[in-house]
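# Breakdown of the fold
This is what each chain is made of:
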Amino acid sequence: NGLGDAGAEALVRGLAAGGQRLGRLSLGNEVGGNAIGSSGVSALTDAFHVFDELIELRLSNNQVGARGAVGLATALGLGGAARLVRLTLASNRIGPEGVAALRGVGASRAELSITLSLQLAEVGAA
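Let us look at the structure shown here. Owing to the predicted nature of the structure, the values given are computational and were not obtained by experimental measurement. (Residues numbered from 1 in each chain as written. Predicted model: local features only at pLDDT ≥ 70, side-chain atom pairs only at ≥ 80, totals over all residues. Heavy atoms only, no water.)

### Here's the deal with helix H3 (residues 65–77)
- End to end, H3 covers 18 Å across 13 residues, agreeing with the expected 18 Å (1.5 Å per residue, within 8%).
- For H3, the full list of buried residues reads Gly65, Gly68, Ala69, Leu72, Ala73, Ala75 and Leu76. With its buried residues spanning 165° around the axis, H3 presents them on a single face. Turned more than 90 degrees away from the buried face of H3 sit Arg67 and Gly77, all of them exposed.
- Buried-residue contacts for H3 involve helix H2 (38–46), strand S2 (56–58), strand S3 (86–88) and helix H4 (95–108). (Helix = DSSP H or I, 4+ residues; strand = E, 2+ residues; numbered from the N terminus. Expected span 1.5 Å × (residues − 1). Buried < 20%, exposed > 50% of the residue type's maximum accessible area, 1.4 Å probe, protein only. Arc of directions from axis to C-beta. Contact = heavy atoms within 4.5 Å.)

As structure tokens, this is what we get:
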């Protein structure tokens, strides 16, 4: 699918404006993603205050990259998506910086399970 950043931003804006209650949001899985990069992730994190019931977020096989992972970690570290217990970011090439940022969030939010695919994440040397 080719949703991309612009599509993700429009989707998030529409869901947030409509006051949609989200428990789970899957914008990518083991089979394929949606070409969502850091801008799409930023739109999503900006709406975390609206999606306060979100417990699972799947973004596997996208183009989140290090910048998107750090932005996501920052939002989560500041209490965004407070009920989130499962985050899946496999195959997103988040690099060592993204892994380090997410590791910090994982340490501060014990209830949060973060799944990365190290084989395809291209994390490099830490």
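Okay, back to it.
### What about unusual backbone geometry?
- The backbone phi angle of asparagine 61 is positive, close to 60°, even though this residue is not glycine.
- With respect to the helices and strands, asparagine 61 occurs in the loop between S2 and H3.
- The exposure class of asparagine 61 is partly exposed, given its relative accessible area of 26%.
- At alanine 81, a residue that is not glycine, the phi angle is positive and equals roughly 50°.
- With respect to the element layout, alanine 81 can be found in the loop between H3 and S3.

### Notes on the sheet that holds strand S1 (residues 24–26)
- Pairing is parallel in the open sheet, where 4 strands are placed in the order S1-S2-S3-S4. Single-partner strands in this sheet number two, and they are S1 and strand S4 (113–115). Neighbour-to-neighbour, the strand axes of the sheet open up by a mean angle of 5°, direction not taken into account.
- Here S1 pairs with S2 via 3 bridges, running parallel. Within S2, the position partnered with arginine 24 by the bridge is glutamate 56. (Pairing = 2+ DSSP bridges. Axes fitted to C-alpha atoms, helices over the stretch in contact; angles between N-to-C directions.)

### Details of the packing of H3 against H4
- Between H3 and H4, whose axes approach to 8 Å, the crossing angle comes to 15°. Judged by the inter-axis angle, H3 sits roughly parallel to H4. In terms of crossing hand, the pair formed by H3 and H4 is left-handed. Counted together, Ala66, Ala69, Val70, Ala73, Leu76 and Gly77 of H3 and Glu97, Gly98, Ala101, Leu102 and Val105 of H4 form the full contact between these two elements.
- A per-class count over the contact of H3 with H4 returns 8 nonpolar, 2 polar and 1 charged. (Parallel < 35°, antiparallel > 145°, perpendicular 65-115°, else oblique. Left-handed = near helix turned anticlockwise from the far one by under 90°. Nonpolar A, V, L, I, M, F, W, Y, C, P; charged D, E, K, R; others polar.)

### Quick look at the pattern of salt bridges
- All told, the structure shown has 4 salt bridges when counted by the stated rule.
- Arginine 21 is the salt-bridge partner of glutamate 53, the closest N and O atoms lying 3.1 Å from each other. Here the residue glutamate 53 occupies a position in the loop between H2 and S2, and arginine 21 occupies one in the loop between helix H1 (4–17) and S1, the gap between them amounting to 32 residues.
- Using a relative accessible area of 32% as the deciding quantity, one classes glutamate 53 as partly exposed.
- By relative accessible area, which is 57% here, arginine 21 ends up exposed.
- For glutamate 56, the salt bridge is made with arginine 24, and the minimal N-O distance between the two is 3.0 Å. Here arginine 24 lies in strand S1 and glutamate 56 lies in strand S2, a separation of 32 residues in the sequence.
- Judged by its relative accessible area of 56%, arginine 24 falls in the exposed class.
- Each member of the salt-bridge network shares a partner with another, and the members are Arg21, Asp52 and Glu53. (Salt bridge = Lys/Arg side-chain N within 4 Å of Asp/Glu carboxyl O.)

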